[in-house]
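Coordinate inspection notes
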Amino acid sequence: MTLSSLTPAAADALTALAESSEHGEHGSTLNAYAVGGGALAALLLLLWITTRLNRDR
């Protein structure tokens, strides 16, 4: 699909989105290590709960 096959409004919107993301920076304030560590802790907690509830196996 090329920009010429889109409606002019859609082409303008896609062009604006492409130009705004050229720099590769975003305004995220989340720390990737904190999010990953939190996800790991949550999964380990769920694993621990699962193993405590399945004592018969």
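Computed from a prediction, not measured in an experiment: that's the story for all the values here. (Residues numbered from 1 in each chain as written. Predicted model: local features only at pLDDT ≥ 70, side-chain atom pairs only at ≥ 80, totals over all residues. Heavy atoms only, no water.)

Structural notes on the overall build of the protein
Scanning the protein from terminus to terminus reveals two helices and zero strands. Buried positions account for 2% of the 57 residues belonging to the protein. (Helix = DSSP H or I, 4+ residues; strand = E, 2+ residues; numbered from the N terminus. Buried < 20%, exposed > 50% of the residue type's maximum accessible area, 1.4 Å probe, protein only.)

Considering helix 2 (residues 32–53)
At 3.6 residues per turn, the α-helix brings residues three or four places apart onto the same side. Between its terminal C-alpha atoms helix 2 stretches 32 Å, which fits the 32 Å expected from 22 residues at 1.5 Å a residue. One side-chain oxygen at the N-terminal end of helix 2 lies 3.2 Å from the backbone nitrogen of Y33; it belongs to N31. (Expected span 1.5 Å × (residues − 1). Polar contact = N/O pair within 3.5 Å; in protein donor to acceptor, adjacent residues only side chain to side chain.)

Notes on a nonpolar patch on the surface
A cluster of nonpolar side chains, namely L43, L45, L46, W48, I49 and L53, defines an oily patch on the protein surface of about 670 Å² accessible area. With respect to the helices and strands, the residue L46 is situated in helix 2. Residue classification places L46 among the exposed residues on the basis of a relative accessible area of 52%. (Patch = residues over 30% accessible without salt bridge, like charges linked within 9 Å, V, L, I, M, F, W, Y side chains within 5 Å. Areas by Shrake-Rupley, 256 points an atom, 1.4 Å probe, with all protein chains shown as cover. Salt bridge = Lys/Arg side-chain N within 4 Å of Asp/Glu carboxyl O.)

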